[in-house]
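Survey of secondary and tertiary structure
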Amino acid sequence: MNLKFRFGWLVGTVLVMAACSTTQNGVRRGVASKGESSPFDSKEARELSDLELAKFASAGPFNAKNARLITDNFESYESKLNIVKNAKTSLRMVYYIFSDDHTSSELTNAIVAAATRGVKVTLLVDFLTNYGRIDLFKYMKEKGGRNLEVYFYGLPAQDVLKNAIYQTIPCPDQAVSNENNACAQAKQPMVDQIYANSKTTWFSRMYLSGLYGKNPDLLKISIGLGGQVKPEVVKGKYAALTKDDKTKLKGMPKLYVRAKSGGDLGAKMKLNTVLSAQGTPLVDMMNTLTGITSISLGTNKDSQHMTDYTHHKLMVADGTRFQMGGRNVEDSYHTDGVAQKYTFMDTDYYAETPEAQQIEASFDRLVQFKNSNGGLVGSMDEVEALVPNEYDINTIPFQMALQSCMQGAALNIEECVNTQIIKMQGYQSMSARLAAVAKTNKSNIAKMGEIRRKSEKAAKFNWREADGKSPFSLADDSVKDPQAQVYYLENISFKKDDAKLKRIYGSEIGKENSSGKGIHAAWIRGIENTCAVAAKGKTRKRIVLHSAYFLLPSGLTKAIGKTLDGTWNCSNVDIQIITNSFGTTDLNVLNVFARYQLASLFKFDFASKWNNKKATLKYSEYLPLVGTYDGSKKEMQARGIKNDNKSLHTKISVLGDDIIIGSANADVRSYFMDTNNAVMIRNAPNLVADYLAFLNRTQGPPQNSSTKFWDMDGAYMVTEQNEQIIFPYASITPELMHKQNEVIVSQMQKYWDAEEKHLDATKRGQLQITITALGKKIQDATDAILKSDSSMNNDKLEEIANTFDDTWKAL
C-alpha cells in the first residue's frame, strides 16, 4: 500500500490514539448461533452433502451453459465489455476497485451507453478505496440519468460520525484543563445532541473528507481549528515526559478503551491503579489526549471495522449471465504490460443460466445492507451529505479562502469560505471537474485501439496454451462436465436469511456459516470432504490452494492441521499451496508475517511424518523474472522472455473433484473483515483435470513459460550479497528468521527510499524487532490451533489478526 502523505506531529498522535481505540483486545467479533455444530467436532472425515452446501450458498445449485474459466486478462475485459454492450434490461456490478484508466474508461462509457438505451444499471463500489474517484461516479450518474445508480459500501456509520464530531469540537471553557476527564465528559453529550439534530458539522465533514481522502491538511484544519487544539501545547506536554513516562503512555490507550468499554472490570481497576500511581505530567498528558481524541467513543465495533471493504467482483446482466472472479476494473487486471507497476495474473468465471436471477437477488440484498447504527451502504446523495469531496479536490483554494475569512473576522466561517473559494486561483467547479473526467475518458479511449491491436496480436501470456492461440479451457466447460452443479457463495457481514440484515463483525472458528462466511464454511468442509472421498474411493485426490495472499485464518489453519495429524484419514490426499513470493507480491508485508505461520505449519507436518493417515504437503512460490532472481535482463531477452512484473492475483481452490473460483484470498482479511464472492463447482472432474494440467504447464523452466515456479518447503530469499538461499521452514530457527528480517527490512528500505521515506538505523532496528515480535505471536497462535485437540475459540488469533491488520496498514 502506497501512502504518499505525511502527518504532522499532532495529527500523527491523534490518529495513533484513534487506531489504538479500535484495537479489539480479545473482543470476540463472531456471533455464533446456538446449536450449530463445528466441522471440527467430528473425529472422522465426513463427506459434504449437497444439502449442507446449499445452506452455505447465497444462490444455487444450478447448471451452467457456455461456462468457462477466463485466464487471459484482455479476454476477461472483452467478455465484460460484451456483457455490458449486450445487456437488454438490467445490469448489476460490484467491484472493490473501479478505476479511471484505459480499459476502465471504455467500460465506463459502455455502462453509460447501456443506461441511456434503457438498461437499469446499478453499480456498487467500495467507498474507502474509491473515494478519490467520486467525481468519476458523479459523471457516470449524470450521463446515465435516472437509469444509472451508484452505491458505496463502507460509508461512515453512527459511531464513526460521532467520532468525527468529537474530534472537531472544542472542550467547553470550564473543562479545558480536562482534569478528571472533564473535557471528555463534557464533549460526549454535546456530540449526542449534534448527531441527533444534524448527524454532522462542517468540521466533521471536513475531517471525514481528510480521513477518506488521505488529506493531512484537512485533518489538521478540522482538528486544530474545529477542536481548537494548539499543537504547541500538546507537543510541550509530551516533551516534558520522562523516557519512562513516554514508554508507559504507549500502552495506556488500549487499557483506557478496555476500561471504558464497560465489560472489563479488571482493566478499570488497573487503569485507576496506574493513573493514581503516576506523576502529574503523565496523567495530564493522558487527560489531554483523551479530551482531544475520541478514544472513549472508540469502543463501538463499527469504528473497529471501519476498514472492512467490499471485495466482491461481479457483473450480472438480465438475470441470465454473469462473470465474477478475482479481477477488479483496472488496466493491471485487464491488460498485459500496460499498467505501470504490475500485471496481475488472475482468473474469472463466466456462465449463462436463468438462475442468475438468484445472484441478482443476492446483489440487491448487499446493496440494501444497512447497519443498525446506520451507514455502510449509501447513495451518492448520502456521500454528499456525509463526506463531500469539494475541499479534498480544492484543498489549496480552500486554505486560501479560509485564511481570507479568518483575517476578515467573518462571523460565519463556513458561509464565508464557500463564498470566497470560488474566487480563488485554481478552484475547480463541479462542472469543470466533470468536464475533466470526460476529457480523461476520451483520451484513454483514444488509446484503446492500440492496446486492443497489441493484445490481439500478442501471445496470451502464461495463462494460455503454449502456442498462445487457443484458450486453456474449452469454450464450454459445462459440456465437459454436464453433471456439474454451481453454487454461488459469499462472505458477507450479515446472515443472508436475516430480514433485518443485522451486522456481524468478523467470524468465529467452527461457526463460519452462522457468521456469514459461506465461502470459508464451504472451504473447510470441502477440505474434509476431499479426504473422506479419497479414503472411500482409494484413489489419490489433490487439494490446491492457489491464492495471491496466504495467511491462513483460524478455521482453515485448523482444517489443514487435521489433514496432517491423521485426525482425518487423508492418506490419499496431496496438498499444494501456491502463492506469491516476496519478489512478486504487491503486498510484501503479508509474506513477511506469513513466514511465521508457514514455519509452524511445516514443523507440525514434519512432526507427523510417520503417521500413515496424513496428507502430503507441498509449498510453491512464484518468482519474478527480473534481476538476480532469474538472470539478467539481457539473458531473458535472449530467451524471448518479456521483462515485466507479473503478480499472482488468482483465488482458486481445487478440492478433489470440486473447484472454488472467486475473490476471497486464503488470508485473515478475507475471513474476518471484507465481503467476498465465489462459485463452487461440484462434481467437475474434467474441469479440475484441465486446471491441474494448466498449473503443471506454468511450472516449467523459464524458457518455456513466462513465470517460473519454485517448489519447496521453504522461503526463497535473495540476500544483500545477491545469494539465492532457500530456508526450509521445518527447521528454521529464530536466529535465521531474524536474519531474514534484516534482509527484508533492507529490501523494504529500497522502496521507501524511492518514495523519500528514509529510515535511520535506529528505526530500521526497531522495525526488525517489531516484525519478530508480531511474527512470534502469529507463530504461537498457529501452534495453539494446530495442536488443539478440540474446537477452540479464535480470540487469540483475532487479536493477532487485528495487530497484523494495523501493521499492514501502517507499512
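So, here is what we can say about the structure in this document. Throughout this document, residue positions are counted from 1 along each chain, in the order its sequence is written. Whole-chain, interface and lining totals are the exception, using all residues; otherwise, since this is a predicted model, local features are given only for residues with pLDDT of at least 70 and side-chain atom pairs are given and counted only at 80 or more. The side-chain figures draw on all heavy atoms in the structure; neither hydrogens nor water molecules are used.

Our focus in this paragraph is the side chain of Gln768. Among the secondary structure elements, Gln768 is positioned in helix α32 (residues 761-787). Assessed through its relative accessible area of 11%, Gln768 is described here as buried. Note on conventions: DSSP H or I runs of at least 4 residues are helices, E runs of at least 2 residues are strands, and numbering of each starts at the N terminus. Summary of the burial criterion: residues with accessible area below 20% of their type's maximum are buried, those above 50% are exposed, and those between are partly exposed, where the area comes from a 1.4 Å probe applied to protein chains only.

A pair is scored as a salt bridge if a Lys or Arg side-chain nitrogen falls within 4 Å of a carboxyl oxygen belonging to Asp or Glu. For the structure on display, the rule yields 29 salt bridges. The salt bridge involving Glu106 is made with Arg452; its shortest N-O contact spans 2.8 Å. With Glu106 in helix α4 (residues 102-116) and Arg452 in helix α23 (residues 448-457), this pair connects stretches of sequence that are 346 residues apart. Residue Glu106 is classed as buried on the basis of its relative accessible area of 15%. Each member of the salt-bridge network shares a partner with another, and the members are Asp135, Lys138, Glu384, Glu390 and Arg433.

This part takes up the state of the cysteines. Two cysteine sulfur atoms form a disulfide, by the criterion used here, when they sit within 2.5 Å. Summed over all chains, the structure comprises two disulfides. The disulfide that involves Cys405 links it to Cys416, with 2.0 Å between the sulfurs. Note on the Cys405 and Cys416 pair: the S-S dihedral is about -90°, so by sign convention the disulfide is left-handed. Placement of the pair is Cys405 in helix α20 (residues 395-407) and Cys416 in helix α21 (residues 413-420), with a sequence separation of 11 residues. Both residues of the pair, Cys405 and Cys416, count as buried. The disulfide bridge from Cys531 ends at Cys570, spanning 2.0 Å between sulfur atoms. Measuring the twist about the S-S bond at about 105°, one finds the Cys531-Cys570 disulfide to be right-handed. Within this pair, whereas Cys531 is found in helix α25 (residues 518-537), its partner Cys570 is found in the loop between α26 (554-564) and β14 (573-580), the two being separated by 39 residues in sequence. With respect to class, Cys531 is no different from Cys570; both count as buried.

A separate point is the packing of aromatic side chains. A pair of Phe, Tyr and Trp rings is counted when the ring centres sit within 6.5 Å of each other, with Trp represented by its six-membered ring. The angle between the planes then sorts it: under 30 degrees is stacked, over 60 is edge-to-face, the rest tilted. Inspection of every chain in the model, using the stated rule, returns 19 aromatic pairs. Seen in terms of ring centroids, Trp202 and Phe203 are 5.0 Å apart; in terms of plane orientation they differ by 50°. Their pairing is tilted. Measuring from centroid to centroid gives 4.8 Å for Tyr671 and Phe672, while their planes differ by 65°, and the two rings are edge-to-face. For Tyr671, a relative accessible area of 1% corresponds to the buried category. On the basis of relative accessible area, Phe672 is assigned to the buried category, the value being 1%. Through a chain of ring-to-ring contacts, the aromatic side chains of Phe98, Phe127, Tyr131, Phe137, Phe152 and Tyr212 assemble into a single cluster.

To continue, consider the side chain of Gln576. Residue placement: Gln576 occurs in strand β14. N or O atoms within 3.5 Å of each other form a polar contact, as long as, within protein, one can give a hydrogen and the other can take it, and as long as residues adjacent in sequence are counted only when both atoms are side-chain atoms. Among the polar contacts made by the side chain of Gln576, one reaches the side chain of Arg542 at a distance of 2.7 Å.

Next up on the list: the environment of Arg117. Along the chain, the position of Arg117 falls in the loop between α4 and β4 (120-126). Taking relative accessible area as the criterion, Arg117 reaches 43% and is therefore assigned partly exposed. A C-alpha to C-alpha distance of 9.5 Å links Arg117 and Thr89, two positions 28 residues apart in sequence. Any two residues whose heavy atoms approach within 4.5 Å at even a single point are treated as in contact. Residues in contact with Arg117, not counting those within four places in the same chain, are Val84, Lys85, Asn86 and Ala87. A distance of 3.0 Å separates the side chain of Arg117 from the backbone oxygen of Ala87, its partner in a polar contact.

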